[in-house]
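Given next are the chains, with one letter for each unit.
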Amino acid sequence: MLSRTGLRTGRRTAACLLCQWRTFGTSYVRLADKPPSPAPAKSTTKPAPVPTAGGPPTPAPDSPLANAPRSYGKKVREFTPTPLSRPIGMNHPPKAGENWGVDTRSIKQRRDDFVDYNKHLARREQLKSKFSRPYFRDWTNINLHKGKTFVAPPRPFKADLSLYFPNLHGRTLGKTPEAKSADTTPLLEGRATIIALFSGVWAENQANTFISAEANPSLHTMIDETQGRAQLVRVNIEEDWLKAMLVRLFMSSMRKQVGEANWDKYFIVRKGITDEIRESIGLLNSKVGYVYLVDHQCRIRWAGSGDAAEGEREGLLRALHWVLEEIKQEGVAANFVRKPVSKQIAGEKK
């Protein structure tokens, strides 16, 4: 005989089964009779591209250095250097205090940049480009014509079309407190300057094929005859802190080598040379020596790379003579003040 508890449990079970049957018999039929809802339309808008700012600069197709081998990008297996067909350099005039390689942002600016997602993406591209570069790429590019990036132009670039040499910051061989922190721009203004850029003995020897007294004695004779209107500046780029320390250990011997009169014309630069600067002035191989002729307005009028080829030393002499004649015609004196904006940029602003 069933107890009251068992009878109640059986009634509840029967009631639950009846409810489920009713639900199945009504709602499922109604859902089947209901027409299907239309599928959502596919979006035709493309996702926004991820900004690639911060990576290595892409050379313009019409650039005279578009096909030159670089430490980044696709490896170049065959390359023949050609003469520069157009001026190289920065688009804006240099200023003392630029390119120090020191973060001068305030705490508020750093905080704003830290929470800016687009700047995070740009920083990510910078790090990706830095870590993806083959370490020995510059050394392997030396096998292509001993690393010569370009051939010097047959004649100097015109003054109104020339671009600018950037400001570089470092220390000189001088012993004064000012020598520990110096800019190149104040030294270049008002003079015709031959700048030799190198990093290491190999690159220095290549630059010496253009500027040394043994390889080009006529150049030193011309510089001495100008009585200060022309000068020779050497820039030793040592971005590795260990190599920079070794260079400082041998500063005494370097002072004897260049002479006391040239202590303030020998720079040791560690920071501030960005990919943009390298791309603009053609400094595409850190193991190769480069030579530039800069006029009194800090404009690059002539440039050479690697070992001096036949006729390049004579071309440097002709370009220097040309620039000195321009300085003489303009009546540039010792108290020369460079115009802040070139004629070409001023015309664009108008």
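Above this text is the structure in question.
Residues numbered from 1 in each chain as written. Predicted model: local features only at pLDDT ≥ 70, side-chain atom pairs only at ≥ 80, totals over all residues. Heavy atoms only, no water.

J.: For the environment of G272, give the residues involved together with the corresponding values.
T.: By the element assignment, G272 lies in the loop between β5 (266-269) and α10 (275-281). In this structure the C-alpha to C-alpha distance between G272 and W100, which are 172 residues apart in sequence, comes to 5.0 Å. Excluding its chain neighbours within four sequence positions, the residues that come into contact with G272 are N99, W100, G101 and I277. (Helix = DSSP H or I, 4+ residues; strand = E, 2+ residues; numbered from the N terminus. Contact = heavy atoms within 4.5 Å.)

J.: Got a sec to walk through the packing of helix α7 (residues 217-225) against helix α11 (residues 312-330)? Specific residues and values, please.
T.: Packing of α7 against α11 leaves a shortest axis separation of 10 Å and a crossing angle of 15°. Relative to α11, the element α7 is oriented roughly parallel. The handedness of the crossing between α7 and α11 is left-handed. Contact residues: S218, L219, M222 and I223 in α7; L316, L317, L320, H321 and L324 in α11. Looking at the contact of α7 with α11, its residues break down into seven nonpolar, two polar and no charged. (Axes fitted to C-alpha atoms, helices over the stretch in contact; angles between N-to-C directions. Parallel < 35°, antiparallel > 145°, perpendicular 65-115°, else oblique. Left-handed = near helix turned anticlockwise from the far one by under 90°. Nonpolar A, V, L, I, M, F, W, Y, C, P; charged D, E, K, R; others polar.)

J.: Lay out the pattern of salt bridges with the relevant residues and their values.
T.: Scanning the model with the defined rule gives ten salt bridges in all. We note a salt bridge from K148 to E312, for which the minimum N-O separation is 3.0 Å. You can see K148 sitting in the loop between α4 (137-141) and β1 (169-172) and its partner E312 sitting in helix α11, a full 164 residues away along the chain. In this structure K148 comes out as buried when scored by relative accessible area, which is 8%. The buried category is assigned to E312, whose relative accessible area is 3%. Note that D264 is salt-bridged to K265, the shortest N-O span being 3.5 Å. Each of D295, R299, R301 and E326 takes part in salt bridges that share partners, so that together they form one network. (Salt bridge = Lys/Arg side-chain N within 4 Å of Asp/Glu carboxyl O. Buried < 20%, exposed > 50% of the residue type's maximum accessible area, 1.4 Å probe, protein only.)

J.: Give a description of the side chain of D113 that names residues and reports values.
T.: Of note, D113 is situated in helix α2 (residues 107-114). With a relative accessible area of 19%, D113 lands in the buried category. Those residues within four positions of D113 in sequence are excluded, and the remaining contacts are R105 and K119.

J.: Give me the pairing of strand β4 (residues 230-237): which residues, what numbers.
T.: Of all eight residues that make up β4, eight are buried, and the element is covered over most of its length. Burial of the side chains of β4 extends over both faces: A230, L232, R234 and N236 are buried on one face and Q231, V233, V235 and I237 on the other. Here strand β3 (residues 192-198) runs beside β4; their pairing, made up of seven bridges, is parallel. Residue pairing across strands places A196 opposite R234, the latter belonging to β4. One ladder, built from four bridges, connects β4 with β5; its direction is parallel. In the strand pairing of β5, N236 is matched with I268. (Pairing = 2+ DSSP bridges.)

J.: Describe in detail the side chain of T184, supporting the description with residues and values.
T.: With respect to the helices, strands and loops of the structure, T184 is situated in the loop between β2 (182-183) and α5 (185-188). Setting aside residues no more than four positions away along its own chain, T184 makes contact with P166, N167, L168 and F267.

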